[in-house]
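# Residue-level structural notes
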Amino acid sequence: MRGPKEPRRGATLEDLAVIHDGAVLIHDGVLKEVGPTRRVENLALARDAIELNAAGRVVMPGFVDSHTHLMFPLPLTSEATATGGTQTIRTMAGSRLAVKARSHLEAMARHGSTTVEVKTGCGPDVIAELKILRALAGLKQPPVDVVPTFLLRLPPSRVGPAEHWNALEAWIGDEFLPKLRRRAWARFADLYWLDQPSLLPSWKRYLDLVLRNGLSSKLHAEGPSPSGAVALASEYGASSIDHLEYATMADTRALGCMRTIATLLPCASFHSDTQYAPARGLIQAGAAIALATNFNPCLTPVLNMQAVIKLACCRMGMTPAEAISAATINGAHALGCADRVGSLEPGKLGDVLVLNISDYRELAHHFGTNLVRTTVKRGEIIWEDGKVAPRAAEDLRTGSA
Ligand SMILES: [Zn+2]
C-alpha cells in the first residue's frame, strides 16, 4: 500500500500497490523495508531476523478502526439509550470499566485492528465522561494503539432551554477541555450533530472552544439531514465527518472539495436495517472516505473490520481495493496518524496482518469468518490463529458406530 502522503480519493483508492511474493522487514517495531522477497532477504539486517512465513497468504497493514463507541456499556435498564449508559458508567468501578475495555480491544486485535479510536459520549455528565477518559488513559499496555475522543452528546432532555446550554458551555470551556488538553486525555472532540437551527450558535461556540483548546474536531452526522453538519465540518476544518447515511447529492459534492474525511459505517446501517451512506457518489465526487465499525456493545455490536469491508462491497458498491484503502490508510488520516500507520511503507510502525486467504479480494467474499491468521503490532506477534485439536481415536470409532 505504498502511495501518496495525502488521503486517497477517487481512483487512488483503488491503488493497493500489491507486491507478489513480497516481504517486510521490521526492526525495533518499525518497518525497515518492504519489497520483493529476494531483495529483502538479502539485506544485511535480515540475516538474523526471525522469519514469519506467510507463503500463499495475503499480508496487509493492520486495520485502523477510526470510529467506535467501545466504552458504551450494556445499560442496567432495558432502555438502550445514552441516559441508561450514563447511569451504568456512573455506578461502575473504574477498574471494571478498564477490564471491559481491554477485553474489547483484545477481540479487535484478534480480528486485525491495530489502531482504534474510542469515543466517550454517554451524555454530558462530567463524572461519566471523566471516568471513561481516565480509564482509557490508565490502560496498562493496551494490545493496540488507542486514540481517545471526547464526544459531546446532548440527550434530548438537555437540548432546548438556553440556561442548560449556558451552564454546559461554561463547564466544557472553563474546566473540561483545558483538563483534557493538560492531561492529554483526548486527541479529538466530536459533536453529536442535531439538526436544530436554534442550536447552531451553540455548536459553533463549542467548535470554537475545541480549536482554542488545541484539539481537532469531528462531527457525528447521524440522522436524516446532515447538510448543516457538512457545512460546519468545512467551516471548522474537521478531521472527519462520520455516518452520513442520509447525505444528499449536494452534500457529496461539498465533501468532494473538502479536506475532511468522510467516515462511513455500514455495520450501523446493517444492524438497524436502515439506509447506507452513498459511498459511490462520494467517491465519484472525489471525497476521501474511510470505513469504521461504529462498534457499540449495545447498538452496533460489530468489532470486526472484515465485516465492514464485506458490507461496504456488497451493500455500498465499493470495490475490495477501495474498501481496504478506506479501512487502513484513510482511517489513519481520519485520526491524524497516517505518518505512522495505515500502510506498509518504510518508517511506519510494524503493524501487519497475515490473512488466511491468497487474494485480497476474498475479503469482500467471506462474511462472519475471522480470516486473520496473525496480528503483528509494532513488530510483536500479539495474536496467532490456533490449532484445532483432533478428537481421540476411540471417540472417532464411537462416533462412526
Ligand atoms: Zn457513531
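Residues numbered from 1 in each chain as written. Predicted model: local features only at pLDDT ≥ 70, side-chain atom pairs only at ≥ 80, totals over all residues. Heavy atoms only, no water.

### Re the overall build of the protein chain
Along its length, the protein chain carries 14 helices and 14 strands. A globule of 401 residues ought to have a C-alpha radius of gyration of about 21 Å, and the protein chain, at 22 Å, matches this closely. In terms of its C-alpha atoms, the protein chain occupies a principal-axis envelope of roughly 70 × 50 × 45 Å. With 401 residues in all, the protein chain has 54% of them scored as buried. Residue pairs at least 24 apart in sequence account for 71% of intrachain contacts in the protein chain once pairs closer than 6 positions are excluded. (Helix = DSSP H or I, 4+ residues; strand = E, 2+ residues; numbered from the N terminus. Rg over C-alpha atoms; globule rule 2.2 N^0.38 Å. Buried < 20%, exposed > 50% of the residue type's maximum accessible area, 1.4 Å probe, protein only. Contact = heavy atoms within 4.5 Å.)

### Remarks on the coordination of the zinc ion
Six octahedral donors around a metal ideally make angles of 90 or 180 degrees; four tetrahedral donors ideally make 109.5 degrees. In the first shell of the zinc ion, the protein supplies His 67 (NE2), His 69 (NE2), His 220 (NE2), His 243 (NE2) and Asn 294 (OD1), at 2.1 to 2.7 Å from the metal. Summarised as a motif, the one-chain spacing of the donors to the zinc ion is H-x1-H-x150-H-x22-H-x50-N. Within this pair, whereas His 220 is found in strand E8 (residues 216–221), its partner His 243 is found in strand E9 (residues 240–243), the two being separated by 23 residues in sequence. His 243 matches His 220 in its accessibility class, with the two residues each being buried. (Donors = N, O, S within 2.8 Å, 3.2 Å for Na, K, Ca; no water.)

### Topic: the sheet that holds strand E13 (residues 372–377)
Spatially, E3-E12-E13-E14 is the arrangement adopted by the four strands of the open sheet, whose pairing is antiparallel. Two strands close off the open sheet at either side, each with one partner strand: strand E3 (58–61) and strand E14 (380–384). Strand-to-strand twist across the sheet, computed as the mean angle between neighbouring axes with direction ignored, equals 20 degrees. Across four bridges, strand E12 (residues 352–355) lies against E13 in antiparallel orientation. Note on E13: the bridge partner recorded for Val 354 is Thr 374. (Pairing = 2+ DSSP bridges. Axes fitted to C-alpha atoms, helices over the stretch in contact; angles between N-to-C directions.)

### Section: the environment of Glu 14
As for its position among the elements, Glu 14 is in the segment before strand E1 (22–27). On a C-alpha basis, the gap between Glu 14 and Val 24 in space is 22 Å, while along the polypeptide they are 10 residues apart. Residues within four places of Glu 14 in sequence aside, it is in contact with Thr 319, Ala 321 and Glu 322.

### Digging into the domain arrangement of the protein chain
If you check the domain split of the protein chain, you get domain 1 (10–60 + 345–384) and domain 2 (63–334). Buried surface at the junction of domain 1 and domain 2, both sides included, amounts to about 2,300 Å², of which 66% is carbon and sulfur. A per-residue breakdown of the area domain 1 buries against domain 2 is headed by Leu 13, Leu 363 and Phe 367, which together make up 27% of the total. Taken together, the links from domain 1 to domain 2 amount to 11 residue pairs in polar contact (both at pLDDT 80 or more). (Domains from an automatic or database assignment. Buried area = accessible area lost by both parts, 1.4 Å probe. Polar contact = N/O pair within 3.5 Å; in protein donor to acceptor, adjacent residues only side chain to side chain.)

### Comments concerning the packing of aromatic side chains
One pass over the structure, following the stated rule, counts two aromatic pairs. Between the aromatic rings of Phe 270 and Phe 367, the centroid separation amounts to 6.0 Å while the plane-to-plane angle is 85 degrees, which identifies the pairing as edge-to-face. Of this pair, Phe 270 sits in helix H9 (residues 266–272) while Phe 367 sits in the loop between E12 and E13; the two residues are 97 residues apart in sequence, bridging distant segments of the chain. One cation-aromatic arrangement involves Arg 183 over Trp 185; the distance from NZ or CZ to the ring centre is 5.0 Å. The ring of Tyr 360 is capped by Arg 361, whose NZ or CZ atom sits 5.6 Å from the centre of that ring. (Phe/Tyr/Trp six-rings, centres within 6.5 Å; stacked < 30°, edge-to-face > 60°. Lys NZ or Arg CZ within 6 Å of the ring centre and 35° of its normal.)

### Some words on the packing of helix H6 (residues 200–212) against helix H7 (residues 227–236)
Where H6 meets H7, the closest approach of the two axes is 11 Å, and the angle between their N-to-C directions is 30 degrees. What the angle tells us is that H6 and H7 run roughly parallel. At the point where H6 passes H7, the crossing takes the right-handed sense. In contact with Leu 200, Trp 203, Lys 204, Leu 207, Asp 208 and Leu 211 of H6, H7 contributes Leu 232, Glu 235 and Tyr 236. Of the residues in the contact of H6 with H7, the class split is six nonpolar, no polar and three charged. (Parallel < 35°, antiparallel > 145°, perpendicular 65-115°, else oblique. Left-handed = near helix turned anticlockwise from the far one by under 90°. Nonpolar A, V, L, I, M, F, W, Y, C, P; charged D, E, K, R; others polar.)

### Topic: the sheet that holds strand E4 (residues 63–65)
Taken in spatial order, the eight strands line up as E4-E5-E6-E7-E8-E9-E10-E11 in an open sheet, and their pairing is parallel. Both edges of this open sheet fall to E4 and strand E11 (289–291), since each of them pairs with a single strand only. Averaged over all pairs of adjacent strands, the angle between their axes in this sheet comes to 25 degrees, without regard to strand direction. The sheet contact formed by strand E7 (residues 188–192) and E8 spans five bridges and is parallel. Each residue of the ladder has a partner; that of Leu 191, found in E8, is Leu 219. Packed onto the sheet, helix H11 (residues 305–316) meets E4, strand E5 (113–119), strand E10 (261–264) and E11 and runs at close to 85 degrees relative to E4.

### Overview of unusual backbone geometry
Phi angles above zero are rare outside glycine, and Gln 141 is one such case at about 45 degrees. On the secondary structure map, Gln 141 appears in the loop between helix H4 (126–137) and strand E6 (145–152). Accessibility expressed as a relative area gives 74% for Gln 141, which makes it exposed. Even without a glycine there, the phi angle at Arg 378 is positive, about 50 degrees. Along the chain, the position of Arg 378 falls in the loop between E13 and E14. The partly exposed category is assigned to Arg 378, whose relative accessible area is 39%.

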